[in-house]
Amino acid sequence: MLIEGRSNLTQFLIEERRRHPRATGELNALVTDVSLACKAIAARVARGALGQDAAAEATPQFARDAFTRACEWGGNLAGYSACGEAEATPIPEAYPRGKYLLLFQPLDGAGNLDINHGVGSLFSVLRAPQAGVAPSATDWMQPGSSQVCAGYALYGPATMLVLSFGQGTHGFTLDPQLGEWMLSHPNLQVPRRAREFAINASHSRFWEPAVKRYVDECLEGRNGVRGADFSMRWIASLVAETHRILLRGGVFLCPRDGTDPQRAGRVQLLHEADPVAMLIEQAGGCASTGRHRVLGLEPEGLQQRVGFIFGSAEEVERIERYHEEQLLDGGYRAPLFGQRGLFAPV
């Protein structure tokens, strides 16, 4: 189906399936279900404070329920896991169970709802080791490189759905009159270099030397070692930051810091970092903890957190190099932590 010279999501999925003659169509059906959930969430978010049932505090639960209602009945999933929930949920016995596992962050940036700012949803699809049965706890412990699909929806002035099946990253814009996702941004590419960075500066006193060095060099501007002026951004929404970087380039840093010595970072590995990393890498960018490629990490827990740095390849590679030089220089030397080795490699 072609509308105004653009393909829609249905046509795109059919074409993707044709590239894989053995495909059964279950993945396409699952992605279609996810896209329906995102439409429902977009409509809810667009209502803002209108109506008693549209309060900001109720919307995250609505988003979670929208995913489960849309996806659990179709026979494509063996189980699903929502970000922040201690245990995954097997598909109820009343429904057929399929061969995929779905992980999702139903409403990223929910704290922005009351100011009408950027929010979105993230999702990741893995193959279930045993199709048709309830997944075990270890079935979810797959590296990000095992994802068969990843994506996000951004609920903004225009609602967008961005997807990757491992063959590039593609963006679809929801046409509100037609109710169709139209392919508006095929084969997105992150510029290798950029002059923007995003970081929460309120945690600067806890940054590792490698991160502080990078940020300080950016702030020095054209008179510093980088020889260029940089702009700093912070939207407090991982989806919105990812979308900006996919379209304009730059780097996002949510590094490991010293606010909680027991936690390796702030970003959920399976529900957030992995899908973003797949989308960014498929668009020519890089995604790292600062020391390791995110998609190569072996998960240790369903709600594991990591430090997360992604964006334009040259910038991420520079930050990784600074971490290597930091380790060669004797590790973390901030006076608050001395030589305790708090920041061992993730």
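Now for a quick tour of the structure. Remember, predicted model here, so these are calculated numbers, not experimental data.

## Thoughts on the packing of helix α5 (residues 238-248) against helix α6 (residues 269-282)
Then, number 1: It is the contact of α5 with α6, at a shortest axis distance of 11 Å, that shows an interaxial angle of 10 degrees. It follows from the interaxial angle that α5 and α6 lie roughly parallel. Of the residues in α6, those touching α5 at L238, T242, I245 and L246 are E272, V276, L279 and I280.
Then, number 2: When the residues that make up the contact of α5 with α6 are grouped by side-chain class, the tally is six nonpolar, one polar and one charged.

## With respect to the packing of aromatic side chains
Then, number 1: Overall, the coordinates contain eight aromatic pairs when judged by the stated rule.
Then, number 2: Three or more aromatic residues joined by ring pairs form one cluster here, namely W234, F252, F308 and F310.
Then, number 3: We note R69 situated over the ring of F62; from NZ or CZ to the ring centre the distance is 5.6 Å.
Then, number 4: For the cation-ring pair, R213 lies above Y322, with the distance from its terminal atom to the ring centre recorded as 3.7 Å.

## Describing α5
It helps to recall that an α-helix has 3.6 residues per turn; residues three or four apart then point in one direction.
Then, number 1: With nine of 11 residues buried, α5 is to be regarded as a mostly interior element.
Then, number 2: Residues of α5 that are buried: L238, V239, A240, E241, T242, H243, R244, I245 and L246.
Then, number 3: With its phi angle positive at about 85 degrees, G249 sits one or two positions after the end of α5.

Conventions we followed
Once a new chain begins, its residue numbering starts again from 1 and follows that chain's sequence as written. Since the coordinates come from a predicted model, pLDDT governs what is reported: local features require at least 70, and pairs of side-chain atoms require 80 or more to be given and counted, while whole-chain, interface and lining totals use all residues. Remark: hydrogens and water are excluded; side-chain values derive from all non-hydrogen atoms of the structure. For helices, the axis comes from a line fit to the C-alpha atoms of the stretch in contact; other axes are also lines fit to C-alpha atoms, and the angle between any two N-to-C directions lies between 0 and 180 degrees. By the criteria applied, helices consist of DSSP H or I runs no shorter than four residues and strands consist of E runs no shorter than two, each listed in order from the N terminus. An angle below 35 degrees is treated as roughly parallel, one above 145 as roughly antiparallel, one from 65 to 115 as roughly perpendicular, and anything else as oblique. In what follows, a contact means two residues having at least one pair of non-hydrogen atoms within 4.5 Å. Basically, the charged four are Asp, Glu, Lys and Arg, the nonpolar ten are Ala, Val, Leu, Ile, Met, Phe, Trp, Tyr, Cys and Pro, and anything else, Gly included, counts as polar. Each Phe, Tyr or Trp ring, with Trp reduced to its six-membered ring, pairs with another whose centre is within 6.5 Å; inter-plane angles below 30 degrees give stacked pairs, above 60 give edge-to-face pairs, and intermediate values give tilted ones. Charges are assigned to positions over rings by a cutoff of 6 Å between ring centre and Lys NZ or Arg CZ, combined with an angular limit of 35 degrees from the ring normal. Accessibility here uses a 1.4 Å probe with only protein chains present; expressed as a share of the type maximum, an area under 20% marks a residue as buried, one over 50% as exposed, and anything in between as partly exposed.

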